Amino acid sequence: MVFSSNIFLFMFLPLILLLYYNPLWRSRRFRNILLLLASLVFYAWGKPFFVWLMVVSIVVGWQVGLRMNGAKSPGARKRWLILGAAFHLGMLFVFKYLTFAAAQLGLLLQMDFSAIQLALPIGISFFTFQLLSYLFDIYYGKAQAQANVLHVGLYIALFPQLIAGPIVRYADIEREILQRQETRQDFTNGMIRFIYGLAKKVLLANYFAVIALDARFMSAQEPLSVAAAWLGAIAYTFQIYFDFSGYSDMAIGLGQMFGFHFRENFNYPYISRSVTEFWRRWHISLSSWFRDYVYIPLGGSRCSRSRLALNLFIVWSLTGFWHGANWTFLLWGLIYFCLLILEKFTGFADRLGVFGHIYTLLAVIMAWVVFQFSDLTQSLAYMGMMWGLAGNPLYDELAGHFLFDGGIVWLLGLIFSLPIYPWVAKRWALWQPVVEPCLAAVLFLLSIIATVAGNYNPFIYFNF
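What you are looking at is a predicted structure, and each value in this text was computed from that prediction instead of being measured.

A.B. asks: What exactly am I supposed to notice about helix H2 (residues 28-44) here?
C.D. replies: In an α-helix, one turn spans 3.6 residues, which is why side chains three or four residues apart end up on the same side. An ideal rise of 1.5 Å per residue puts 24 Å on 17 residues; H2 measures up with 24 Å between its terminal C-alpha atoms. Within the sequence span of H2, burial applies to Arg31, Asn32, Leu34, Leu35, Leu36, Ala38, Ser39, Phe42, Tyr43 and Ala44. Buried positions along H2 lie against helix H1 (6-20), helix H3 (51-70), helix H5 (124-139), helix H6 (149-157), helix H7 (159-162) and helix H8 (170-179).

Shown next, in the form of structure tokens:
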């Protein structure tokens, strides 16, 4: 089920809120069971077959956590951790990477493995990483194993963050599962945050998606002009930001409406002065997950340069492949590995000053070109058009169509990818209690109009 769909906005969410806040049933147990059942229905809406996969993963994670907690020696705890991690990573490999691995092996051995075709369960990367963080947090003593499997199930399956994050740490919401307090202020703030995320998705991301898709389609027919190619790449840069940060806003807002407080997942990444800073601001829950559970256990940065390079290579290879079973995702991760190594070993980004913004944006946009195509040849051909290497003109009618038909949306995309609204709200805080609800009401009305009139448009990160 998609947050921006009619079925979610007009049926699922209102019904769950009515049942959850029914004054006849206020017990924490009832509300937790209701949220767990609602989350399973939410996940099963499109493909109910894969609910079993998530349920099995939850039960195994719950049992391994209990066994680790009851282990009598550090060695036994470590063995249970390895067993649990192997099971969850094995499930992830089978359903996300086995088809790709079989195809590559077939090419190598000149054999046909095309019969191995497994559908990708939505959100498997996210709930697998949450289960792993649950086991790691227990192992490192940051959290206690949960005796009640329903509480583990609620942590994993909670529908606001189930499909595309943010990746929630068990230690962060362990207390709230058992004794959270729902307040009117939290509900109001969460509702406004949800509306902002909805507007990002249906008013901005969906518009930029059309331009980015048109640019990719037209580039396959004949070379685009330099301007059109750049506008297509910038449109995708805006699309993926508003799409994913919009989902994160909706997830955080929905969680707050039910008394949960998730960490922020985006912090205006396109204002970064370096690639290092960009990854402190983009998909924060993923980058911090790899930092805490992979990079630091490998030795982090407190080691020799060669070891540091190896640590970063491992992390960014995994980050690339986490996004999908395709060589372009690995290449995308390795591009960032090279840039981060360059920044850490030379410190050149720190000396660029204001020009660091230009360098970072160019690097990010070019990396998104690699990311959005499934074939490296297509990526390189598109980059050639961007830099005028395909014998293409500087400007054409298509570029004018991209730029001027939706000029106001380009302007709004620029404004809302910069921290302008928080800056204004901070300086006119007296007006915020009045202006913010009014702005949210207008955005909600416009979003509903766009949702009712539009077609099904899932979030980009549903694929990962």
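A.B. asks: In this structure, what is going on with the side chain of Ser272? I would like to understand it.
C.D. replies: Relative to the helices and strands, Ser272 resides in the loop between helix H10 (226-257) and helix H11 (275-281). Classification of Ser272 as buried rests on a relative accessible area of 1%.

A.B. asks: Looking at this structure, I do not really get the packing of aromatic side chains. What am I missing?
C.D. replies: Aromatic rings considered in pairs are described by the distance between their centres and by the relative angle of their planes. All chains considered together, the criterion is met by 71 aromatic pairs. With centroids separated by 5.2 Å and ring planes inclined at 85 degrees, the aromatic side chains of Trp230 and Trp387 adopt a geometry described as edge-to-face. Residue Trp230 is found in helix H10, and its partner Trp387 is found in the loop between helix H16 (376-386) and helix H17 (397-404); the two are separated by 157 residues along the sequence. Directly above the aromatic system of Tyr20 lies the positively charged group of Arg31, at a separation of 4.8 Å from the ring centroid. The ring of Phe345 has Arg305 lying over it, and the distance from NZ or CZ to the ring centre is 4.6 Å.

A.B. asks: How should a nonpolar patch on the surface be read in this particular structure?
C.D. replies: A grouping of Ile420, Trp423, Val424, Trp428, Trp431, Val434, Val435 and Leu439 is seen on the molecular surface, where their side chains present a nonpolar patch of about 770 Å² in accessible area. For the nonpolar patch, the secondary-structure elements that each account for two or more residues are helix H19 (420-427) and helix H20 (432-453). By secondary structure assignment, the location of Trp428 is in the loop between H19 and H20. For Trp428, a relative accessible area of 47% gives the class partly exposed.

A.B. asks: How do you make sense of helix H12 (residues 284-298) when you look at a structure like this?
C.D. replies: Over its 15 residues, H12 runs 20 Å from end to end, which matches the ideal 21 Å to within 8%, given 1.5 Å per residue. A maximum bend of about 40 degrees is found in H12 at Arg291. Every buried residue of H12 is accounted for by Ser285, Leu286, Ser288, Trp289, Phe290, Asp292, Tyr293, Val294 and Tyr295. Positioned one or two residues after H12, Gly299 has a phi angle of 130 degrees, which is positive.

A.B. asks: What exactly am I supposed to notice about the pattern of salt bridges here?
C.D. replies: Opposite charge on two side chains allows them to pair when their charged atoms are near. Under the definition given, this model contains 11 salt bridges. A salt bridge links Arg169 to Asp292; the nearest nitrogen and oxygen atoms lie 3.0 Å apart. Of the two residues, Arg169 is situated in the loop between H7 and H8 and Asp292 in helix H12; the sequence distance between them amounts to 123 residues. For the pair Arg169 and Asp292, one class covers both residues: buried. A salt bridge links Asp249 to Arg193; the shortest N-O distance between them is 2.9 Å. Pair noted here: Asp249 is in helix H10 and Arg193 is in helix H9 (residues 184-221), with a separation of 56 residues, a long-range link. The exposure class of Asp249 is buried, given its relative accessible area of 9%. Sharing partners across several salt bridges, the network here consists of Arg28, Arg31, Arg180 and Glu182.

A.B. asks: Help me out: how do you make sense of the nonpolar core in this one?
C.D. replies: Note on soluble globular proteins: their nonpolar side chains tend to be buried together. Phe8, Trp282, Tyr336 and Trp368 are the most contacted members of the largest nonpolar core, which totals 138 residues. For this core, the element with the most residues is H10, which contributes 19 residues. Setting aside residues no more than four positions away along its own chain, Trp368 makes contact with Tyr236, Thr237, Ile240, Tyr270, Phe278, Trp282 and Trp332.

A.B. asks: How do you make sense of the packing of H10 against helix H18 (residues 407-416) when you look at a structure like this?
C.D. replies: Helix packing for two helices is described by the angle between their axes and how far apart those axes are. Across the interface, H10 lies against H18 with an axial gap of 11 Å and an inter-helix angle of 55 degrees. The angle between H10 and H18 falls in the class oblique. Viewed along their axes, H10 and H18 form a crossing whose handedness is left-handed. For the pair formed by H10 and H18, the contact residues are Leu231, Ile234, Ala235, Phe238, Tyr241 and Phe242 on the first element and Trp410, Gly413, Leu414 and Phe416 on the second. Partitioning the contact of H10 with H18 into residue classes produces 9 nonpolar, 1 polar and no charged.

A.B. asks: Any chance you could explain unusual backbone geometry here in plain terms?
C.D. replies: Excluding glycine, residues mostly have negative phi values, and the peptide bonds linking residues are mostly trans. Phi is positive for Gln110, which is not a glycine, with a value near 55 degrees. With respect to the element layout, Gln110 can be found in the loop between helix H4 (74-109) and H5. In this structure, His283 is a non-glycine residue whose phi angle is positive, near 45 degrees. As for its position among the elements, His283 is in the loop between H11 and H12.

A.B. asks: Hey, could you run me through the packing of H10 against H17 in this one?
C.D. replies: Where H10 contacts H17, the two axes come as close as 7 Å, and the packing angle between them is 35 degrees. Crossing of H10 against H17: the hand is left-handed. Contact residues: H10 offers Ala227, Ala228 and Leu231, while H17 offers Leu398, Ala399, Phe402 and Leu403. Here the contact of H10 with H17 is composed, by residue class, of 7 nonpolar, no polar and no charged.

Rules used throughout
- Within each chain, residue numbers correspond to sequence positions counted from 1 in written order.
- For this predicted model, a pLDDT threshold of at least 70 governs which residues receive local features, and a threshold of 80 or more governs which side-chain atom pairs are given and counted, while totals over whole chains, interfaces and linings are taken from all residues.
- Side-chain numbers here rest on the full set of heavy atoms in the structure, without hydrogens or water.
- Numbering goes from the N terminus for both helices and strands, where a helix is a DSSP run of H or I of at least four residues and a strand is a run of E of at least two.
- A helix is expected to span 1.5 Å for every residue after the first.
- For every residue, the accessible area (1.4 Å probe, protein chains only) is compared with the maximum for its type, and the residue is labelled buried under 20%, exposed over 50%, or partly exposed between those bounds.
- Note on contacts: a residue pair qualifies if any of its non-hydrogen atoms lie within 4.5 Å across the two residues.
- By convention, a stacked pair of Phe, Tyr or Trp rings (six-membered ring in the case of Trp) has centres within 6.5 Å and planes under 30 degrees apart, an edge-to-face pair has planes over 60 apart, and any other such pair is tilted.
- In our convention, an over-ring charge means Lys NZ or Arg CZ found within 6 Å of a ring centre and within 35 degrees of that ring's normal.
- Think of a patch as exposed residues, more than 30% relative accessible area, with no salt bridge, where like charges cluster within 9 Å and nonpolar side chains (Val, Leu, Ile, Met, Phe, Trp, Tyr) cluster within 5 Å.
- Accessible surface is estimated by sampling points in the Shrake-Rupley manner with a 1.4 Å probe; for residues, cover comes only from the protein chains shown.
- Salt bridge, as used here, is a side-chain nitrogen of Lys or Arg placed within 4 Å of a carboxyl oxygen of Asp or Glu.
- Working definition for bend: take the seven residues up to and ending at a residue and the seven starting at it, fit an axis to each, and measure the angle between the axes.
- Side-chain atoms within 4.5 Å are what join buried Ala, Val, Leu, Ile, Met, Phe, Trp, Tyr and Cys residues into a set we call a nonpolar core.
- To get an axis, fit a line to the C-alpha atoms, keeping to the stretch in contact for a helix; angles then go from 0 to 180 degrees between the N-to-C directions.
- These descriptions rest on fixed angle ranges, namely under 35 degrees for roughly parallel, over 145 for roughly antiparallel, 65 to 115 for roughly perpendicular, and the rest for oblique.
- The hand of a helix crossing depends on one turn: near helix anticlockwise from the far one by less than a right angle means left-handed, and clockwise means right-handed.
- All amino acids are sorted into three groups, where Ala, Val, Leu, Ile, Met, Phe, Trp, Tyr, Cys and Pro are nonpolar, Asp, Glu, Lys and Arg are charged, and the leftover types, Gly among them, are polar.

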